[in-house]
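# Secondary and tertiary structure notes
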Amino acid sequence: MSVEYAVIGGGAMGAATAWNLARRGAEVVLLEADELASGASGGPGRRGVRAGGRDLRELPLARRALELWPDLDAQLGTPTGYRRNGLLTVYDVEVAGGSGWQSLPARVQAQQAAGIPCRVVDRDELAELEPGLAEDLRFALHTPEDGTADHPATTRAFAKAAEQCGARVREHTAVTALEPHPDGSVVLRLAGDESLRAGRGVIVVANRSTPRLLADAFGLSLPLWEKATQVTFVAPPPGFSLEHQIGHTRRSLSVKLTDDGRVMLSGGRPGGWDPVRGVGTPDPDVLRASVADAAATIPALAGAQVLAVDNSRADTSTIDGIPVLDAVPGFGSVLVGTGWSGHGFALTPAVGEALATWALDRVRPEPLRPFRFARLGVSAA
């Protein structure tokens, strides 16, 4: 069996890439070892659609993603759960380096230059925008076009739209090996002794499986590790409201309201994770720290009942906290997207568009240039 393009990985990035290929007329198959959104693109709650506070190298992709998100429901024909309510990243005490409030004017200048609306908010205006915040919070970076979305719903919406454009979506179809050929084609070995020839290209966005596939096929050693961010859900007190997402850089805290009215606490702290078994173990110390930080930032959450703790979904991380988006050295028909470091979801529409454009046009899109293998010391064996 043969196809023009094979996309490996049925998460948000893979489904978005498959849709962008299929809607431009390409013959494409999307392969997922388990079920759609069964990895880092799944799990409970809502995921941030954030441009605020990003690495400067990600800003062009973030800007493009913010342009695409509002129209996705209409384009895909299925709800993604997206809503734009803005992000307030708050500051209480000055700290050294680039994460204190003295850095805010520079951050605003860089983000505005990249086309991302934002501004510094002082204490008085912060109290008007979000009245329930602690009084010791002195400044905030307000990014009004940031929002949230439902990550499993978004993944499935992209996959359904890809199928409607002619793509084949195959769940429970694990890729066990890649066999590159001199003509640029790649044979994919599938579980059950089945094989598939991709004549024009392969896009590997399989998250945790990506390092193994690239090491076996191309001798690439990716310096990635797995991390499962711990998420806590608490019950809001009567009359509780939250108009924005709230981020606190010093406290590694992100606060969102879910569709069912729970308060979701995240922010990047990892719980326990067994990479061999692919199983997460909630860390009680992380739970205590998250609850305490939430109460210190939003006093109404002090003593809130803990409803659930989730640590079931791992992402891959890089040393500099930004992804790898590149072609395999010496084999330009194999494109790779991995190392999302827990914050790639917001970029999904822009990354899927860019990877599909690269695969079809054979030219690296300019926004992807900062994300090469070489910056991590990676080269083909």
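Treat the numbers as computed from the prediction; the structure is a model and nothing was measured.

If you walk across this open sheet you meet the three strands as 3-8-4, and the pairing is antiparallel. Of all strands in the sheet, those bounded by a partner on one side alone are strand 3 (47–49) and strand 4 (83–84).

This next bit is on helix 9 (residues 348–361). For helix 9, which comprises 14 residues, the first-to-last C-alpha distance of 20 Å matches the rise-based estimate of 20 Å (1.5 Å per residue) to within 8%. In terms of burial, helix 9 is a largely internal element, 11 of the 14 residues being buried. All of the buried residues in helix 9 are Thr-348, Pro-349, Ala-350, Val-351, Gly-352, Ala-354, Leu-355, Ala-356, Trp-358, Ala-359 and Leu-360. Within two residues after helix 9, Arg-362 carries a phi angle of roughly 65 degrees, on the positive side.

For the coordinates displayed, the defined rule picks out 22 salt bridges. A salt bridge links Arg-251 to Asp-92; the nearest nitrogen and oxygen atoms lie 3.6 Å apart. With Arg-251 in the loop between strand 15 (245–248) and strand 16 (253–257) and Asp-92 in the loop between strand 5 (87–91) and helix 4 (104–113), this pair connects stretches of sequence that are 159 residues apart. For Asp-92, a relative accessible area of 5% gives the class buried. A single network of salt bridges, built from pairs that share partners, joins Asp-55, Arg-57, Asp-320 and Arg-375.

This brings us to the nonpolar core. Leu-21 and Ile-203 are the most contacted members of the largest nonpolar core, which has 54 residues in total. Those elements that place two or more of their residues in this core are strand 1 (2–8), helix 1 (12–23), strand 2 (28–31), helix 2 (59–68), helix 3 (72–76), helix 6 (151–164), strand 22 (324–328) and helix 9. Every residue in contact with Leu-21, bar those within four places of it in the chain, is listed here: Tyr-5, Val-7, Ala-26, Val-28, Ile-203, Ala-356, Ala-359 and Leu-360.

Rules behind the numbers
Residues numbered from 1 in each chain as written. Predicted model: local features only at pLDDT ≥ 70, side-chain atom pairs only at ≥ 80, totals over all residues. Heavy atoms only, no water. Pairing = 2+ DSSP bridges. Helix = DSSP H or I, 4+ residues; strand = E, 2+ residues; numbered from the N terminus. Expected span 1.5 Å × (residues − 1). Buried < 20%, exposed > 50% of the residue type's maximum accessible area, 1.4 Å probe, protein only. Salt bridge = Lys/Arg side-chain N within 4 Å of Asp/Glu carboxyl O. Core = buried A, V, L, I, M, F, W, Y, C linked by side-chain atoms within 4.5 Å. Contact = heavy atoms within 4.5 Å.

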